[in-house]
Amino acid sequence: MRKFFKAFISIVIALNVIELCDAAPIRLESMPQLKSSQARLISGGRLFAQHCMQCHSLQYFTHDPIGDASGVVPDRMPKIDPEAWSGHPPPDLSLITRYRGTDWLYTYFYSYYQDASRPTGSNHLLTANTSMPNPFEQLQGTHQLMISKDQLSVLEKQPASQKPPWYRILKTMHAGSIPAAEFDTQLTELVLFLEYVGEPHRAAREALGGWVIMFLLIFFVVAFLLYREYWKMLD
Amino acid sequence: MSQRRAETSGISDWINQRLPVNQFFIRHLVNYFAPKNLNFWYFFGVFSLVVLANQVLTGIALAMVYTPTGAEAFASVEHIMRHVPYGWLLRYMHSTGASAFFIVIYLHIYRALMYGSYRMPRELLWLTGCVLFMVLMAESFTGYVLPWGQMSFWGAKVIAELFGTIPGIGTTLVHWIQGDYVISEVLLKRFFAFHVIAVPLILIAMVMLHIVALHSVGSNNPEGIEIKDQCDRRGRPLDGIQFHPYYTVKDIMAVLGFLIVFAWVLFYVPEFWGLFLEPANFQPANPLVTPAHIQPVWYFSSFFAMLRAVPDKSYGALVMLSAVVILCFVPWLDRSPVRSIRYKGIGSKIALSCLVLSFSILGFLGTQPAVGGYLIMARIMTGVYFACFLAMPIYTRIESCRTPPKRIQG
Ligand code: HEM
């Protein structure tokens, strides 16, 4: 039974990996295991307010202490005109982590590379030919694609397990204004913030879960003892 | 017992002289005899009642806020998740409950197949069950459309197109169902009406028939022998025990166990790794952007794989429909002299295993693209699935069975 359960879970996880990598030439990185905290969420929120909120809204995210402290508030969000950007306006990001997953979002910001043929000067491994420029070019620096575009499209057709990580096919051209490790932390905080925005009550949910399960367990023990008492009468 | 009850006066007497409440409970709980050997598999009927209650109660609360319009449906679900006090809890209870319903029902059906609970005299009990299964599918399909995410929209479109494959009337029928030339808010509002009132009414009525049928023929049991054949002088089955208190306490314990697992999923993995709540459905419906993969929720996955296994769409739809309807014929396909798998021969044991295996493999294949080896596999498994049913009259007749005991041992 346990074996079966393990196999089942690994199939489920494998399915999701296949699903999410789909046509990308690289595999997704796992986001660093940083423990989320109020301070981290606020600093991730600040990053969002500075670098993302000119273009992207979080329409389902209304006033809350973390949003207020980081400046991510409804009246500062852009009103998005669906006709602008030739019909492909920047999407709302309220649910981006629930839709794409945190690993995808984390890897997303490592997927930019310089490409002179694009109007933005850069291209992207996960969303090819995106019209979104790299918002962190200053902090992060720039990367160069080490393989040809043809090789990229070969990689796209590979099974997920055989795709390389981004750093095998991208090389740093110019270093960013902050050390890479520091950028990685900031980026992780941004992803944590967006994960929070995707489901603000998650912490409350997990906290309540413990109490509910404990209550049910106690009740279960009582019910078990009662059951045993009654069934003794049958012997 | 009855002595004491006769002494109580006042309200309870007043009521009972006018409405036989006590009599009802005594008849259906105390003087209702169930086999003493009902095992783990017999909990799933009660579990489905619990899940049904959960769906109805949380559904009522959700319907107070949810707005079935194209512009607001998706946002109103997010509003429930974020701004309605404990709205997230209600929504997760409902979404987890939907998947739990199917897990519980699949195991409930498996139990009936295992112990031959569909055999004479329980054919109508089984048939009401089959109808319940179909009604439940309608209920969950209409419900899945309501959040109006990408998969809601495109899933509805794929199913609507199936009706379009009916020769002659197809297109007209699709427009009639949709109330529009395309999938639109008109369909959303219709599905809302079906999901919150029409289908639940039928579901609850059918559950009542199911229980009435059960109580008139009595439970089967893992041995597959009739306890009513061996009674004492007062006409009580020798191997039966009073439902109350014995099975009421046992069921309460089991329900609590079930709720612990349910709560664990609900509070810690409500998306269940993308199976209970699919990532693609966290994007609002967009008629202009077709998702890369359109696939139904996990519990329809096996049937979806059968649909795609057939090259022609209308025949595919027919095969998919038959896969459900064939269940109704099982009482007459089974020709075995015994009921329970415990006493049946090797043929039945292999067939039941193949049935479970083919259905599970089809479930997996339904989540994969229907190409190459996957497609061939889906075709083979569809064949195996139907063979398990269609060959039933043969293998149940020729295999050698063991003779069940007259009484339940131990
Ligand atoms: C909403 C759905 C359903 C509910 C609430 C429900 C409820 C129940 C309950 C409470 C029992 C008695 C306890 C037990 O034996 O587990 C039962 C028995 C039974 N149910 Fe269901 N059921 C449902 C669906 C189905 C379906 C889909 C089928 C088959 C296709 C089915 C077939 C049976 C049979 C054959 C029995 C008698 C089993 C025996 O005595 O061995 N039921 N049901």
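Residues numbered from 1 in each chain as written. Chains lettered and ligands numbered in written order. Predicted model: local features only at pLDDT ≥ 70, side-chain atom pairs only at ≥ 80, totals over all residues. Heavy atoms only, no water.

Trainee: Explain the coordination of the iron atom of the ligand residue by residue, including any values.
Mentor: Residue and element names in this part refer to chain B. Surrounding the iron atom of the ligand are the protein donor atoms His 108 (NE2) and His 210 (NE2), which sit 2.0 to 2.1 Å from the metal. Geometry at the iron atom of the ligand is octahedral, judged from its six donor atoms and the angles of 82 to 179° they form at the metal. In this pair, His 108 is assigned in helix α6 (residues 87-115) and His 210 in helix α10 (residues 185-217), connecting sequence segments 102 residues apart. Accessibility classification places His 108 together with His 210 in one group, the buried group. (Donors = N, O, S within 2.8 Å, 3.2 Å for Na, K, Ca; no water. Tetrahedral: all angles 85-135°; square planar, octahedral: opposite > 155°, others 65-115°. Helix = DSSP H or I, 4+ residues; strand = E, 2+ residues; numbered from the N terminus. Buried < 20%, exposed > 50% of the residue type's maximum accessible area, 1.4 Å probe, protein only.)

Trainee: Quick rundown of the packing of aromatic side chains? Include the residues and the values.
Mentor: Two numbers describe a pair of aromatic rings. These are the distance of the centres and the angle of the planes. Within this structure, the stated rule accounts for 55 aromatic pairs over all chains. An angle of 15° between the planes, with centres 4.4 Å apart, marks the rings of B:Phe272 and B:Phe276 as stacked. The pair B:Phe272 / B:Phe276 is uniform in exposure class, with both members buried. Judged by centre distance (5.0 Å) and plane angle (80°), the rings of B:Tyr299 and B:Phe300 are edge-to-face. Assigned by exposure class, B:Tyr299 and B:Phe300 land together as buried. One residue, B:Arg111, lies across the ring of B:Tyr42, its end atom 4.4 Å from the ring centre. In this structure, B:Lys250 is placed above the aromatic ring of A:Trp231, and the distance from its NZ or CZ to the ring centre is 4.9 Å. (Phe/Tyr/Trp six-rings, centres within 6.5 Å; stacked < 30°, edge-to-face > 60°. Lys NZ or Arg CZ within 6 Å of the ring centre and 35° of its normal.)

Trainee: Break down the domain arrangement of chain A for me, citing the residues and quoting the values.
Mentor: Note on interface size: it is often stated as the accessible area lost on association of the parts. For chain A, the domain assignment lists domain 1 (2-200) and domain 2 (204-235). Once you take the C-alpha centre of each, domain 1 of chain A and domain 2 of chain A turn out to be 44 Å apart. (Domains from an automatic or database assignment.)

Trainee: Help me get a handle on the packing of helix α9 (residues 170-178) of chain B against α10(B), residues and values and all.
Mentor: All names here are of chain B. Direction vectors running N to C along α9 and α10 enclose 70°, while the axes themselves pass 8 Å from each other. By the angle class used here, α9 and α10 are roughly perpendicular. Between α9 and α10, the contacting residues are Trp 176, Ile 177 and Gln 178 on the first element and Val 186, Leu 187 and Arg 190 on the second. Broken down by class, the residue content of the contact of α9 with α10 amounts to four nonpolar, one polar and one charged. (Axes fitted to C-alpha atoms, helices over the stretch in contact; angles between N-to-C directions. Parallel < 35°, antiparallel > 145°, perpendicular 65-115°, else oblique. Contact = heavy atoms within 4.5 Å. Nonpolar A, V, L, I, M, F, W, Y, C, P; charged D, E, K, R; others polar.)

Trainee: Summarise helix α8 (residues 150-164) of chain B; cite the residues concerned and give the values.
Mentor: Helix length check: α8(B), at 15 residues, gives a terminal C-alpha distance of 21 Å against a target of 21 Å (1.5 Å per residue), a fit within 8%. Among the residues of α8(B), B:Gln150, B:Met151, B:Ser152, B:Phe153, B:Trp154, B:Gly155, B:Ala156, B:Ala160 and B:Leu162 are the ones counted as buried. (Expected span 1.5 Å × (residues − 1).)

Trainee: Quick rundown of the interface of chain A and chain B? Include the residues and the values.
Mentor: The interface is formed by 41 residues belonging to chain A together with 44 residues belonging to chain B. If you sort the residues of chain A by the area they bury against chain B, A:Tyr60, A:Arg98 and A:Arg205 come out on top, with a joint share of 19%. Along the contact surface separating chain A from chain B lie one salt bridge. With a closest N to O distance of 2.6 Å, B:Glu271 and A:Arg98 form a salt bridge. Run the count over chain A and chain B and you get twelve residue pairs in polar contact (both at pLDDT 80 or more). Residue assignment for the side of chain A that touches chain B shows that the elements contributing at least two residues are α1 (2-21), α4 (96-100), α9 (180-198) and α10 (202-232) of chain A. No other element matches the 18 residues that α10(A) contributes to the side of chain A that touches chain B. Considering only residue class, the side of chain A that touches chain B consists of 28 nonpolar, seven polar and six charged. (Buried area = accessible area lost by both parts, 1.4 Å probe. Salt bridge = Lys/Arg side-chain N within 4 Å of Asp/Glu carboxyl O. Polar contact = N/O pair within 3.5 Å; in protein donor to acceptor, adjacent residues only side chain to side chain.)

Trainee: Describe the pattern of salt bridges, with residues and values.
Mentor: Scanning the entire structure with this criterion turns up 19 salt bridges over all chains. Across the pair A:Asp115 and A:Lys149 runs a salt bridge, and its minimum N-O distance is 2.6 Å. In this pair, A:Asp115 is assigned in the loop between β1 (112-114) and β2 (122-124) and A:Lys149 in helix α7 (residues 149-156), connecting sequence segments 34 residues apart. Look at A:Lys149 and you get partly exposed, because its relative accessible area is 41%. Here B:Lys36 makes a salt bridge to B:Asp239, at a shortest N to O gap of 3.6 Å. Within this pair, whereas B:Lys36 is found in the loop between β1 (33-35) and α4 (44-63), its partner B:Asp239 is found in the loop between α10 and β2 (240-242), the two being separated by 203 residues in sequence. When salt bridges with common partners are traced through the structure, they connect A:Arg98, A:Glu199, A:Arg205 and B:Glu271 into a single cluster.

Trainee: Break down the packing of helix α5 (residues 73-82) of chain B against α6(B) for me, citing the residues and quoting the values.
Mentor: Residues and elements named next belong to chain B. It is at 5 Å that the axes of α5 and α6 come closest, and there the two elements cross at 115°. Contacts between α5 and α6 pair Val 77, Ile 80 and Met 81 from the former with Gly 87, Trp 88, Arg 91 and Tyr 92 from the latter. Of the residues that constitute the contact of α5 with α6, the class distribution is five nonpolar, one polar and one charged.

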